[in-house]
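Secondary and tertiary structure notes
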Amino acid sequence: MPQLSVQLNRLKLANPILVASGTFGYAREMAAFVDFKQLGGIIPKTLTAAPRIGNPPPRTVEASSGLLNSIGLDNDGIDAFLAKTLDYLLGLETAIIVNIAGRNTEEFVQIAAKVGQHKQVAGLELNISCPNVSGGVDFGTDPRLAAEVVSQVRNACDLPVIAKLTPNVTSVVEIAQAAAEAGADAVSLVNTFQGMAIDWRRRKPILGNVIGGLSGPAIKPLALRIVWQVAQAVNVPIIGIGGIQSIDDVMEFLIAGATAVQIGTANFYNPGLAPQLVNELTEILTEQNCQSVGDIVGTLQIPAR
Ligand code: SIN
């Protein structure tokens, strides 16, 4: 049997298939559909310092091969999460990576310090890339700010730190480099692409927030390109995200240079997909005569020109 476990600096996962923040609730919602033990890990919805009600509706709209959302970080707030939800998640026998967002560096540090008290948490994912809240994406578009938030969180908390980056910049490589130099254990690539939908008969935007973030199969080629470019240029483990819905998609991200992947939008229409992909990964690695996931990570061959 091939070895499925993967190591992303200080973060060790039993397998490389994670479920993405914002697509799996706080996991309770998925209990009827998923054997959580099979997953590489769960990343619950982003937590902020205070509870948030999110953006006005409509907050989602289907696009061609994708989903536009402008949720606006609707969440319970970190204190309620730690008091009411974390124990449940830590009982699920899979890695729990807590995703957090602050309005400024101090808030990131304050939330990280609280989560850091809970040593069973596997890691922290810093959402420095939400396109749907004011200031949410700023940290992820400026290498200096990205580095500052990563290094200050590292100082405040012993957990492995992952920076979740936005594709809505000229060069994700530059931001990933800054995050890596500041001490990020890994980078998650990528959050959603900014987009919008229009009801032309009413001359109105469909989303209550006008602009949203596009996810799903529509963005897969774009995400794959970014994963590959960062893998070429930056020495940091990558968690690939973007429209993954089949084992072929998983293999493409791994071969492009990702060490692990997150399943996002597909959870909404096929909640059982992630555990199915873990089984299929074992089969395909066996078929490819691989001893471990590491045997295929970053093995893309570019033909000589
Ligand atoms: C949202 O809550 O608006 C989506 C989260 C994100 O894109 O980071």
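Report on the accompanying structure. This structure is a prediction, so every number in the text was calculated from the model and none was measured.

Parameters at a glance
Residue numbers restart at each chain and count upward from 1, following the sequence in its written direction. pLDDT decides what is reported in this predicted model: residues at 70 or higher carry local features, side-chain atom pairs at 80 or more are listed and counted, and totals for whole chains, interfaces and linings draw on all residues regardless. Note that the side-chain values use all heavy atoms of the structure and ignore hydrogens as well as water. DSSP bridges decide pairing: two strands pair if at least two such bridges lie between them. Per the convention used, a helix needs a DSSP run of H or I reaching at least four residues, while a strand needs a run of E reaching at least two, with both numbered from the N terminus. Throughout, a residue-residue contact means that at least one pair of heavy atoms, one from each residue, lies within 4.5 Å. Under this scheme, a helix contributes an axis fitted over its contacting stretch, all axes are lines through C-alpha atoms, and angles between N-to-C directions fall in the 0 to 180 degree range. To be near a molecule or strand, a residue needs just one of its heavy atoms within 4 Å of it. For this analysis, a polar contact is any N or O atom pair within 3.5 Å, provided that within protein one partner can donate a hydrogen and the other can accept it, and provided that sequence-adjacent residues contribute only side-chain to side-chain pairs. Per-residue accessibility takes into account occlusion by the displayed protein chains alone, with areas from the Shrake-Rupley method and a 1.4 Å probe. Charged means Asp, Glu, Lys or Arg here, nonpolar means Ala, Val, Leu, Ile, Met, Phe, Trp, Tyr, Cys or Pro, and polar covers whatever is left, Gly included. Method remark: on a 1 Å grid restricted to protein atoms, a set of points is classed as a cavity if a 1.4 Å probe fits but cannot get out and as a pocket if it is open with protein on both sides within 12 Å along at least five of seven lines; lining residues have an atom within 4 Å of a point. Grid points are joined across faces, edges and corners, and a volume is the space filled by probe spheres set on the points.

**Points about the sheet that holds strand S10 (residues 186–189)**
Pairing between the strands of a sheet comes from backbone hydrogen bonds, and it takes one of two forms, parallel or antiparallel. One closed barrel accounts for 8 strands, arranged S3-S4-S7-S8-S9-S10-S15-S16; its pairing is parallel. Where strand S3 (residues 17–19) meets strand S4 (residues 41–42), 2 bridges bridge the pair, whose relative direction is parallel. Pairing of Leu18 across the sheet is with Gly41, part of S4. On the sheet, helix H3 (residues 105–116) packs against strand S7 (95–100) and strand S8 (123–127) and is oriented at approximately 160° with respect to S7. Of the strands in this sheet, S8 and strand S9 (161–165) are in contact with helix H5 (residues 143–156), which crosses S8 at around 155°.

**So, the site of the ligand**
Every residue lining the ligand is accounted for by Lys45, Asn69, Ile71, Gly72, Leu73, Asn127, Cys130, Pro131, Asn132 and Asn191. Measuring from an oxygen atom of the ligand, one finds a side-chain N or O atom of Lys45 at 2.6 Å. Within the backbone of Gly72, an N or O atom sits 2.8 Å from an oxygen atom of the ligand. Protein burial of the ligand: of its 260 Å² of free accessible surface, 92% is covered by the chains. Across the shell around the ligand, the residue classes break down as 4 nonpolar, 5 polar and 1 charged.

**Topic: the environment of Leu300**
Position of Leu300 among the secondary structure elements: in the segment after helix H10 (273–287). Put simply, Leu300 and Glu252 are 48 residues apart on the chain and 8.8 Å apart in space, counted from C-alpha to C-alpha. Once you skip the residues sitting within four places of it in the chain, Leu300 turns out to touch Trp228 and Ile255.

**Examining the sheet that holds strand S6 (residues 66–69)**
Spatially, 4 strands are ordered S5-S6-S14-S11 in an open sheet, and the strand pairing comes out antiparallel. Each edge of the sheet is formed by a strand with only one pairing partner; in this case those strands are strand S5 (60–63) and strand S11 (193–196). Going across the sheet, the axis of each strand differs from the next one's by a mean of 40°, ignoring polarity. As paired strands, S6 and strand S14 (residues 211–215) are joined by 3 bridges and run antiparallel to one another.

**Regarding the layout of surface pockets**
Picture a little ball the size of a water molecule; that probe, rolled over the atoms, points out where space is still empty. There is about 650 Å³ of room inside the largest pocket. Contributing to the lining of the largest pocket are 45 residues, with Ser21, Gly22, Thr23, Lys45 and Asn69 lying nearest its centre. Secondary-structure elements contributing two or more residues to the lining of the largest pocket are S6, S14, strand S16 (260–263) and helix H9 (266–269). Take the lining of the largest pocket: its biggest share by element is 3 residues, from H9. Grouping the amino acids of the lining of the largest pocket by side-chain chemistry returns 19 nonpolar, 21 polar and 5 charged. Its boundaries defined by the atoms lining it, the second largest pocket holds a volume of some 200 Å³. Around the second largest pocket, the lining is made up of 17 residues, and of these Thr48, Arg52, Gly102, Arg103 and Glu107 lie nearest the centre. A breakdown of the residues in the lining of the second largest pocket according to their chemical character gives 8 nonpolar, 6 polar and 3 charged.

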